[in-house]
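For reference, the chains in residue letters:
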Number of protein chains: 2
Amino acid sequence: MREIAVIGIGQTKVDEHWDKSLVELAGEAALTALADARRESVDGIFFGNMLSGSANHQQHLGAWLADWIGLRYSDAIHIESACSSGGAAFRAGVMAVASGEMESALVVGAEKMTDSPNAEITANLATAADADWELEQGLSFVAINALVMQRYIYEYGWKHSDFSQFSINAHANAVHNPYARFQEPLTENGYQKSPMISDPINLMDASPMGDGAAAIVIVPADTLAARGQVLITVAGSASATDSIAVHSRRDPLWLSAAEKSAHQAYDQAGVGPNEINFFELHDAFTIMAALSLEACGFIERGKGPRLALDGEIRPSGRIPIATLGGLKARGHPVGATGVYQLVEVVQQLRGQAGETQIQDARIGMAQNIGGSGSIIVTTILKRK
Amino acid sequence: MREIAVIGIGQTKVDEHWDKSLVELAGEAALTALADARRESVDGIFFGNMLSGSANHQQHLGAWLADWIGLRYSDAIHIESACSSGGAAFRAGVMAVASGEMESALVVGAEKMTDSPNAEITANLATAADADWELEQGLSFVAINALVMQRYIYEYGWKHSDFSQFSINAHANAVHNPYARFQEPLTENGYQKSPMISDPINLMDASPMGDGAAAIVIVPADTLAARGQVLITVAGSASATDSIAVHSRRDPLWLSAAEKSAHQAYDQAGVGPNEINFFELHDAFTIMAALSLEACGFIERGKGPRLALDGEIRPSGRIPIATLGGLKARGHPVGATGVYQLVEVVQQLRGQAGETQIQDARIGMAQNIGGSGSIIVTTILKRK
């Protein structure tokens, strides 16, 4: 496959953007990324978004955004893959440019969640779960994750408080990220006293909603080599599915789609977990951070919280995660999250991550999860 | 770009499928296409659907379908592009296989519209229009097309009855298509007496909703050459956008995105309109059939109905359209339509189109329109 390089990034702050529409947010991130790439146009646009049909009463966002940023008539497509929409859009863009059909692409992830009442958003987020077999039981999306966490705690003998460091690390890192929704630290006490949402998931185990957009410009790497720039390339890209309903899985405590897509990406990049310098994982809930670390081979099954308790997930640790706040503290505008993760990986690889810069970051991984592990997209970026 | 071949097709009848869910319909078409291709699996699934988030309370359909047809863990993605979701999914699949990232792909278009009350579906279909500038005026999607048709009639001096042959031809062809929703002929009198929906669009100017699914299996063409089969290849694939709102266009009576994508596809295929043997166009409304024929160069601006009145769009005419019923009579399950069109092109190129077989069909074109011309995907298939 033709090697792909990332040459531009852009993002808005994740926030409650009452004064901006979905296309305004997407446009802001897109134009920032184009400016960063020193380009005025691209051949194709890949727009990741989950909820616009219901939350914003607007579909086929590709055309909408193309027109808004002055690229009317260009090729554009909307990709929906629940909370992995952003990562999936990036992967589709990578394949399109790699095919030779396009010489450049703009990947945008955007979500505007505050246009709808929270109760409606909760119902819409639940469309990431199995309508016939999970939602029919009255489960919300948080409740499904709570069942998984409950079982994990029972099966492996952890306490709820053993998960605190996932959230504390995310908040500590977000303090320095101007694009993060929450730039305040979280204490152990704050974690333990936070209100219960769906036992055992409390408010500080869960990532917050938000409005936001992130964007990336990609081109074939060979068009840049001559210029002698620092090249950031896509070393691995893979996606795998699992059953949508958790109860249909052989093992509800194992993210098979994370394992499969991560190992495909490792093979493509010619690396293993030991070579990954940092990992922007999908910490929608603390339990998902633990499961991702296990499935991707950073620690053995059932031991995820160990990495957090030992400080190995901090910027100075063995496998830093959520280095700019993660879903927990940067915020989780669902369809945008996968692109935020990739933007942050690029910031780290460029050495532009500020206070939480990972030393000598050369290989970074991002993993974007749709549903409770139903579609998982893994991407490895590399600084050459 | 690596040449892509179509090796399998499948479809369900378009109907009110009260006894089948969206995934059952999609699965039926997918398994039929896989059997036709003599394959049990593919590397990736590309699922085109517009309304499932709202109409079926289910998102990220890729994972859902993969699991249902026994391909759990495979790569899968959902593409939404309003009524062009099917064509856009095919194009994404073509680029993925052409990139070398996959050696096979299954493209599925499916829509289950009868799960929701009609009033809700009407509101959801309107998300294909501009929420801020068209829907805010109270326009439904039919009403937007009615304004275009009204203007066209005024501007070019046609009468409403001059459009009848578009619908009559579609119904005449659908009589022989067992997958078509309406297999009854339409008379001139039946057209003229049909109830007005949104002046000047009457019931027989408009395509019907429906539930249905269609599927296609693609592989790189070079993997087949050795077997000496009849090869059907993707000779051209292009997509272009326009403003979502009709009033924002320089000329509301010209489908710029159809012109652009068709001409890109012509260039790729090394042909012009004269070499196209038949054209599965997007006759969601009779006016759109006329505008498509003009934008793609089959007749000059403002003269579209002439081709219909002269019988040139019939199977024996110069540019046959809707050869198996088109959107008008086969039915328009929105996100599935683009894949139905391509399946029908393959049926014609294989000589399997029955009573409405186009003689010596060698090059067929399909054009799938999202919104009122906002995203248009053009595909040219060729029998080698």
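Everything numeric here is computed off the predicted structure, so don't read it as measured data.

So, how was this worked out
- Residues numbered from 1 in each chain as written.
- Chains lettered and ligands numbered in written order.
- Predicted model: local features only at pLDDT ≥ 70, side-chain atom pairs only at ≥ 80, totals over all residues.
- Heavy atoms only, no water.
- Helix = DSSP H or I, 4+ residues; strand = E, 2+ residues; numbered from the N terminus.
- Buried < 20%, exposed > 50% of the residue type's maximum accessible area, 1.4 Å probe, protein only.
- Contact = heavy atoms within 4.5 Å.
- Buried area = accessible area lost by both parts, 1.4 Å probe.
- Salt bridge = Lys/Arg side-chain N within 4 Å of Asp/Glu carboxyl O.
- Polar contact = N/O pair within 3.5 Å; in protein donor to acceptor, adjacent residues only side chain to side chain.
- Phe/Tyr/Trp six-rings, centres within 6.5 Å; stacked < 30°, edge-to-face > 60°.
- Lys NZ or Arg CZ within 6 Å of the ring centre and 35° of its normal.
- Arc of directions from axis to C-beta.
- Disulfide = S-S within 2.5 Å.
- Least-squares fit on C-alpha atoms with pLDDT ≥ 70 in both.
- pLDDT = per-residue confidence, 0-100.

1. Points about the overall build of chain A
Secondary structure summary: chain A contains 13 helices and 11 strands in total. Along the first, second and third principal axes, the C-alpha set of chain A runs to 55 × 45 × 40 Å. Residues counted as buried form 68% of the 384 residues belonging to chain A. Taking the contacts inside chain A whose residues are at least 6 apart along the sequence as the reference set, 78% of them involve residues at least 24 apart.

2. A word on the interface of chain B and chain A
Chain B puts 58 residues into the contact, and the matching count from chain A is 58 residues. Surface buried jointly by chain B and chain A totals about 4,600 Å² across both partners, of which 51% is contributed by carbon and sulfur atoms. Note that Arg91(B) is salt-bridged to Glu101(A), the shortest N-O span being 3.0 Å. Run the count over chain B and chain A and you get 32 residue pairs in polar contact (both at pLDDT 80 or more). Contributing elements (two or more residues each) for the side of chain B that touches chain A: α2 (52-56), α3 (61-68), β3 (75-80), α4 (85-98), β8 (232-241) and α9 (256-269) of chain B.

3. What to know about the packing of aromatic side chains
Residue and element names in this part refer to chain A. Applying the stated criterion across every chain, the model contains 10 aromatic pairs over all chains. For the ring pair Phe163 and Phe166, a centre distance of 6.4 Å and an interplane angle of 40 degrees mean the geometry is tilted. Following the ring pairs from residue to residue traces out a cluster consisting of Tyr152, Tyr156, Phe163 and Phe166. Positioned over the ring face of Trp254 is Arg301, at 4.3 Å from the centre of the ring.

4. A look at helix α5 (residues 118-125) of chain A
Residues and elements named next belong to chain A. Turning to α5, its buried residues number three or more, namely Ile121, Asn124 and Leu125. Buried residues in α5, looked at end-on, bunch into an arc of 100 degrees, giving them a common side. The elements touched by buried residues of α5 are α2 (52-56) and α6 (141-156).

5. A word on the pattern of salt bridges
Summed over all chains, the structure comprises 34 salt bridges over all chains. Here Lys20(A) and Glu28(A) are joined by a salt bridge, their closest N and O atoms 3.1 Å apart. Judged by relative accessible area, Glu28(A) falls into the partly exposed class, the value being 34%. Residue Asp75(A) pairs with Arg91(B) through a salt bridge whose shortest N-O separation is 2.6 Å. With Asp75(A) in strand β3 (residues 75-80) and Arg91(B) in helix α4, this pair bridges two chains.

6. Examining the state of the cysteines
Covalently bonding the sulfur atom of one cysteine to the sulfur atom of another cysteine gives a disulfide. Applying the stated rule across the entire model yields 0 disulfides over all chains. Between Cys296(B), a cysteine without a disulfide, and Cys83(B), which holds the nearest cysteine sulfur, the sulfur-to-sulfur distance is 17 Å.

7. A few points about unusual backbone geometry
Residues and elements named next belong to chain A. Cis geometry marks the peptide bond from Asp199 to Pro200; its omega dihedral reads 10 degrees. In this structure, Pro200 sits in the loop between β5 (196-198) and β6 (201-202). Here the phi dihedral of Asp360 falls at roughly 55 degrees; this positive angle occurs in a residue that is not glycine. In this structure, Asp360 sits in the loop between α13 (337-350) and β10 (363-370).

8. Brief notes about the relation of the copies chain B and chain A
With an RMSD of 0.0 Å, the fit of chain B onto chain A corresponds to turning through 180 degrees and sliding 0.0 Å along the axis. Taken together, the rotation and translation relating the two chain copies correspond to the operation of a two-fold axis. No C-alpha of chain B lies nearer the rotation axis than that of Ser99(B), which sits 1.8 Å from it. Most of the interface of chain B is mirrored in chain A, where 100% of its interface residues again form contacts.

9. Quick notes on the confidence of the model for chain A
Scored by pLDDT, chain A comes out at a mean of 96, with 99% of its residues at no less than 70. Scored by ipTM, the complex comes to 0.96, with pTM at 0.97.

10. Regarding the side chain of Glu344(B)
Residues and elements named next belong to chain B. Tracing the sequence through the fold places Glu344 in helix α13 (residues 337-350). A relative accessible area of 0% places Glu344 in the buried class. Residues contacting Glu344, with those up to four places away along its chain left out, are Asn177, Glu280, Leu324 and Arg330.

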